[in-house]
Structure formats: C-alpha cells, structure tokens
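Here is what each chain is made of, one letter per residue.
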Amino acid sequence: KGRLEETGQPVIAYSPGLETDRLPKKTSIEFVVSAQEDGGRWNAKKTRIDYFPRPMIMGAKLPESPLVNEPFKIEVAAVSPTGQAADKPELNVRIFRVATRYYNSYRYGRHYRQAVEELLEKSVERVALEKGRGQLKYTPQAAGAYEIHISDDDSGQLLKRRLYVYGLASEKEALSA
C-alpha cells in the first residue's frame, strides 16, 4: 500500500528483503499502481524502477585467445550505478587454474562418469584503480581453463570469469608441430 502526495504522485515504500546477495548486479522492479478516484473509477499505471543491490558494478575484459608463456592483460573496472567511476582505490584479483578430475561411480545399478573441479590458486594481486579502471598482466604456465576472481573487501562483491589458455605459445611452434 502507498499514498498519494499533494501533487498526485504515488509514494511507495518497498524493501527487497534480506536476499540481496543473490540478486544480479542490476534488476528491475515493476509496480502496478492503482488509485480510485472520488467518483469510484480506478486508474492504474505500471512503473518500472531499476534497482542496484550493491554500491558498485564490477567488470572485466579478458583476452579472446591467450597462449601459454605469453603475457596477457586483464582489464578491470568499477562503476557506480549512475555510471560514474567508483570511488575505489583498488580491487583484489585472484587467478586460478581449473583442474578437472573425472571418476566413475556406480549407483542404482548404473555406471556414471562424473567430474569434479578443483581451483588451484596461481596468482593473487591487488590492482590499483585510476578513474575506476585498472589492469593486470599475467603469464600462464600451462594450457587449460582458468578462473579469474575479482573482489572488493569493503562490499564483499565477487565477480568470476573463465577463459581458456591455448597450448602453442607462438606461430613457430604451431608450424613445427
């Protein structure tokens, strides 16, 4: 329930609840507001409001096809919900190699092949931000899947991205293979 201001605009008090850590970076909340006129007729209006459950939005730009033993750049950014550079001096970046282990199991009279992933930490860095942007260089030592975790200590936000590092480090190696 809400009320009307003197100008006739609706005022709605709404709280999304305690599960804001499960919401995405941005979500839209839609309200249908209806009011009854003095004559008994109802008027309704649909209103959508963008809702940002966190104080900033983090992003990362990763390379498309990184190679083993070749440094690549990870660009990170942090902006406020209004689109301005976030007032953050630095973000944490952790790089993991994804190790996948497969095993066979037998349940209910059937054989199953299952996979378990383990994250092997390869690098921990603090990236300084200037006007909401920063970058980090990393040189992978092995081919395979990597997971990048970008986090903020103050808000507890965490951004995860994956990329695959390819095995041939140069065109010379590709031609000789």
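The structure this text deals with has already been given above.
First, a word on scope: everything that follows refers to the structure included in this document.

Details of the sheet that holds strand E8 (residues 110–128)
Working step 1: The strand order E8-E7-E10-E11 describes an open sheet built from 4 strands, whose pairing is antiparallel. The two strands at the open ends of the sheet, each matched to only one other strand, are E8 and strand E11 (158–165). Across this sheet, the average inter-strand angle for adjacent strands is 25°, counted without regard to direction.
Working step 2: Both strand E7 (residues 90–107) and strand E10 (residues 144–151) contribute to a ladder of 6 bridges, which runs antiparallel. Bridge assignment links Ile95 to a residue of E10, and that residue is Ile148.

Some points on the environment of Gln36
Working step 1: Turning to its location among the elements, Gln36 is positioned in strand E3 (residues 27–36).
Working step 2: Apart from residues lying up to four places away in sequence, Gln36 is in contact with Arg41 and Trp42.

With respect to the pattern of salt bridges
Working step 1: For the coordinates displayed, the defined rule picks out 10 salt bridges.
Working step 2: Here Asp152 and Lys88 are joined by a salt bridge, their closest N and O atoms 3.2 Å apart. Separated by 64 residues along the polypeptide, Asp152 in the loop between E10 and E11 and Lys88 in the loop between strand E6 (72–79) and E7 bring together distant segments of the chain. The same class applies to Asp152 and to Lys88, which are both buried.
Working step 3: Through salt bridges with shared partners, a single ionic network connects Glu30, Lys46 and Arg48.

Focus: the nonpolar core
Working step 1: In terms of nonpolar packing, the biggest core is built from 21 residues, with Ile74, Val76, Leu91, Val93, Ile95, Ile148 and Ile150 touching the most fellow members.
Working step 2: Among the elements of the structure, E6, E7, strand E9 (133–138), E10 and E11 are those that each provide at least two residues to this core.
Working step 3: Ranked by residues supplied to this core, first place goes to E6 with 4 residues.
Working step 4: When neighbours within four sequence positions are excluded, Ile148 is seen to be in contact with Leu62, Ile74, Val93, Arg94, Ile95, Leu159, Lys160, Arg161 and Leu163.

A short note on the pairing of strand E4 (residues 42–51)
Working step 1: Where burial is concerned, little of E4 is hidden: 0 out of the 10 residues are buried.
Working step 2: Sheet topology places E3 next to E4; 10 bridges connect them, and they run antiparallel. Bridge pairing in E4 places Thr27 opposite Tyr51.
Working step 3: Hairpin remark: E3 followed by E4, antiparallel, with 5 residues in the connecting loop; positive phi at Gly40, about 105°.

Here's the deal with the side chain of Gln157
Working step 1: With respect to the secondary-structure elements, Gln157 resides in the loop between E10 and E11.
Working step 2: Look at Gln157 and you get buried, because its relative accessible area is 7%.
Working step 3: Of the polar contacts made by the side chain of Gln157, one reaches the backbone oxygen of Met56; its length is 2.8 Å.
Working step 4: Excluding its chain neighbours within four sequence positions, the residues that come into contact with Gln157 are Arg54, Pro55, Met56, Met58, Ile150, Ser151 and Asp152.

Comments concerning a positive patch on the surface
Working step 1: The grouping of Lys61, Lys73, Arg133 and Lys137 at the surface amounts to a positive patch.
Working step 2: Its place among the elements puts Lys61 in strand E5 (residues 57–61).

Thoughts on the environment of Gly134
Working step 1: With respect to the helices and strands, Gly134 occurs in strand E9.
Working step 2: Distance from Gly134 to Glu90, taken between C-alpha atoms, is 8.2 Å for residues 44 residues apart in sequence.
Working step 3: The residues contacting Gly134, other than those within four sequence positions of it, are Ile74, Glu75, Val76, Val127, Ala128 and Leu129.

Things to note about unusual backbone geometry
Working step 1: For Tyr108, which is not glycine, the phi torsion reads 50° and is therefore positive.
Working step 2: Positionally, Tyr108 belongs in the loop between E7 and E8.
Working step 3: Since its relative accessible area comes to 77%, Tyr108 is described here as exposed.
Working step 4: You will see that Lys131, though not glycine, has its phi angle at about 55°, which is positive.
Working step 5: Note on placement: Lys131 falls in the loop between E8 and E9.
Working step 6: Under the relative-accessibility criterion, Lys131 is labelled exposed at 73%.

Reading guide: rules and limits
Residues numbered from 1 in each chain as written. Predicted model: local features only at pLDDT ≥ 70, side-chain atom pairs only at ≥ 80, totals over all residues. Heavy atoms only, no water. Pairing = 2+ DSSP bridges. Helix = DSSP H or I, 4+ residues; strand = E, 2+ residues; numbered from the N terminus. Axes fitted to C-alpha atoms, helices over the stretch in contact; angles between N-to-C directions. Contact = heavy atoms within 4.5 Å. Salt bridge = Lys/Arg side-chain N within 4 Å of Asp/Glu carboxyl O. Buried < 20%, exposed > 50% of the residue type's maximum accessible area, 1.4 Å probe, protein only. Core = buried A, V, L, I, M, F, W, Y, C linked by side-chain atoms within 4.5 Å. Polar contact = N/O pair within 3.5 Å; in protein donor to acceptor, adjacent residues only side chain to side chain. Patch = residues over 30% accessible without salt bridge, like charges linked within 9 Å, V, L, I, M, F, W, Y side chains within 5 Å. Areas by Shrake-Rupley, 256 points an atom, 1.4 Å probe, with all protein chains shown as cover. Lys, Arg positive; Asp, Glu negative; His and termini not counted. Charge placed at Lys NZ, Arg CZ, Asp CG, Glu CD.

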